[in-house]
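Working through the structure, step by step
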Amino acid sequence: MSAIEQCRSIALGGHALRCSSCAQAQIAYNSCRNRHCPKCQSSAAQRWLEARQADLLPVPYYHVVFTLPAPISAIAYTNKEIIYGLLFDIAAETLRTIAADPKHLGARIGATLVLHTWGSALTHHPHVHGIVPGGGFALDADRWVACKPGFFLSVRVLSRLFRRRFLQELQNAYRNGQLKFFAEHVDLADPDAFADWLSPLRQCEWVVYAKRPFAGPEAVLAYLSRYTHRVAISNSRLIAHDDRGVTFRWKDYREHGSTRHKTMTLQTEEFMRRFLLHVLPSGFHRIRHYGLLANANRKNQIATAREMLHQPPPTPPTDCADENAEYRCARPTFVCRHCGAQMLVIETFARAQHIRGPPPSPHPP
């Protein structure tokens, strides 16, 4: 919270700028670059989008979503690292297992998954979005196996396997003492109570979504890139902050038409509570690649797939291919808001230095 509060304020220091064309002056304060900050990470999201677009293959892509039921979401808040990790791994395992089955596709596939933990009203709603190529490497030969036109994998089959495997691994985590329970869930520490709590989850439907994006894979990547490097809410959805609290836009997915888009006002403390529900554990990766798209061998796998699909490797832009590429293709960090020319840094000033007491002596007198 301290990083977000100080973001782009004098507390973090900054620099004075002058336009290279119209000489307009401007003061810019430094960003906190915290991955949960709504104002930061836009350049990182753009770099991620460009890198993923370079890996696209000439095949249909499918948008998949795996969602956890509400009871598991409730205990996920105090067991984020374990349950979010299971959500990633079991979703990827489900996709790869069903795709490898000759009854369905009979191929080794890849997937890029992105974790979302929020609903439109900032409620806790853990799910993973993914983009998956519509095909993969054959299990017994060096050839590409494409899925049926307009159909990826059976959602019902995916849902059943996802539910069974997730509950199995959740039980294993419980037996190993990896789950912690607090407040209204403290009774789940008793094995019999946990078994009773788990039983209805074996019978209810688990939501799995798989659909070919009508606008193409680029549209899904653009959609995901808006969420890969931020959490919970963007500044564009904030409307007002006054004595009543914080007012923001949200979308009610239970309704259709113009009534779907609404506004909500929450007391400031409640707004911050909901926002902080979505802070991730330190070092936790919210973007993960599996199968053919796994980081360890993605470049070689993509090259092999292009050969199977008879697609030539991408060529670098002609205007960035010579020795002056870095100079001519680099985008300016600061752009003048008046004329659009590059802003030059003419002075910098350090972040505020807070007065602190001396460190404690290791050997008291």
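Residues numbered from 1 in each chain as written. Predicted model: local features only at pLDDT ≥ 70, side-chain atom pairs only at ≥ 80, totals over all residues. Heavy atoms only, no water.

On the surface, Ile 10, Ile 27 and Tyr 29 cluster together into a nonpolar patch covering about 300 Å² of accessible area. Among the secondary structure elements, Tyr 29 is positioned in strand S2 (residues 25-29). (Patch = residues over 30% accessible without salt bridge, like charges linked within 9 Å, V, L, I, M, F, W, Y side chains within 5 Å. Areas by Shrake-Rupley, 256 points an atom, 1.4 Å probe, with all protein chains shown as cover. Salt bridge = Lys/Arg side-chain N within 4 Å of Asp/Glu carboxyl O. Helix = DSSP H or I, 4+ residues; strand = E, 2+ residues; numbered from the N terminus.)

Examined against the element boundaries, Arg 306 turns out to sit in helix H9 (residues 298-308). A distance of 2.7 Å separates the side chain of Arg 306 from the backbone oxygen of Ala 54, its partner in a polar contact. (Polar contact = N/O pair within 3.5 Å; in protein donor to acceptor, adjacent residues only side chain to side chain.)

We now examine the packing of helix H5 (residues 155-175) against helix H6 (residues 191-198). In contact at an axis separation of 12 Å, H5 and H6 are set at 165° when each is read in the N-to-C sense. By the angle class used here, H5 and H6 are roughly antiparallel. H6 is crossed by H5, and the crossing has right-handed handedness. In this structure, H5 contributes Leu 167, Leu 170, Gln 171 and Tyr 174 to the contact, and H6 contributes Pro 191, Phe 194, Trp 197 and Leu 198. In terms of residue class, the contact of H5 with H6 is made up of 7 nonpolar, 1 polar and no charged. (Axes fitted to C-alpha atoms, helices over the stretch in contact; angles between N-to-C directions. Parallel < 35°, antiparallel > 145°, perpendicular 65-115°, else oblique. Left-handed = near helix turned anticlockwise from the far one by under 90°. Contact = heavy atoms within 4.5 Å. Nonpolar A, V, L, I, M, F, W, Y, C, P; charged D, E, K, R; others polar.)

Spatially, the 3 strands line up as an open sheet ordered S4-S7-S8, and their pairing is antiparallel. Because the sheet does not close on itself, it has two edges, and the strands there are strand S4 (107-108) and strand S8 (144-146). Pairing between S4 and strand S7 (residues 135-138): 2 bridges, direction antiparallel. In the sheet register, Ala 107 faces S7, and the bridge partner there is Ala 138. Relative to S7, H9 is tilted by about 90°, and along the sheet it contacts S4, S7 and S8. (Pairing = 2+ DSSP bridges.)

What follows is about the environment of Asn 297. With respect to the element layout, Asn 297 can be found in the loop between strand S13 (287-291) and H9. Only 2.9 Å separates the side chain of Asn 297 from the side chain of Asn 300, close enough to count as a polar contact.

What follows covers H5. For H5, spanning 21 residues, the distance from its first C-alpha to its last is 30 Å, which sits close to the expected 30 Å at 1.5 Å a residue. Leu 158, Ser 159, Leu 161, Phe 162, Arg 163, Arg 165, Phe 166, Leu 167, Leu 170, Ala 173 and Tyr 174 are the residues of H5 that are buried. The secondary structure elements touched by the buried residues of H5 are strand S3 (61-67), helix H3 (70-76), helix H4 (80-100), H6 and strand S9 (208-211). At the C-terminal side of H5, Gly 177 shows a positive phi close to 70°. (Expected span 1.5 Å × (residues − 1). Buried < 20%, exposed > 50% of the residue type's maximum accessible area, 1.4 Å probe, protein only.)

With that settled, consider the packing of aromatic side chains. Working definition: an aromatic ring pair is given by the centre-to-centre distance plus the angle between the planes. The full count for this structure, using the stated rule, is 14 aromatic pairs. Plain terms: the ring middles of Tyr 29 and Phe 349 are 6.1 Å apart, the flat faces sit at 80° to each other, and that makes the pair edge-to-face. Taken together, the residues Tyr 29 in strand S2 and Phe 349 in strand S14 (residues 343-349) connect sequence positions 320 residues apart. An angle of 20° between the planes, with centres 5.2 Å apart, marks the rings of Tyr 62 and Phe 152 as stacked. Here Phe 152 lies in the loop between S8 and H5 and Tyr 62 lies in strand S3, a separation of 90 residues in the sequence. In this structure, Tyr 62 and Phe 152 share a single accessibility class: buried. Following the ring pairs from residue to residue traces out a cluster consisting of Phe 66, Phe 162, Phe 166 and Trp 206. Of note, Arg 288 hangs over the ring of Phe 284, and the distance from its end group to the ring centre comes to 4.6 Å. (Phe/Tyr/Trp six-rings, centres within 6.5 Å; stacked < 30°, edge-to-face > 60°. Lys NZ or Arg CZ within 6 Å of the ring centre and 35° of its normal.)

Here the focus is the sheet that holds S9. Strand order in the open sheet formed by 5 strands is S9-S3-S6-S5-S13, with antiparallel pairing between adjacent strands. Strands with a single pairing partner mark the edges of an open sheet, and in this sheet they are S9 and S13. The mean angle between the axes of side-by-side strands here comes to 20°, regardless of whether they run parallel or antiparallel. Where S3 meets strand S6 (residues 124-133), 7 bridges bridge the pair, whose relative direction is antiparallel. Among the inter-strand pairings, Phe 66 is bridged to a residue of S6, identified as Val 128. Against the sheet, H4 makes contact with S3, strand S5 (110-118), S6 and S13, and its axis sits at roughly 145° relative to S5, the strand it touches most. Relative to the sheet, H5 contacts S3 and S9, its axis offset from that of S9 by approximately 145°.

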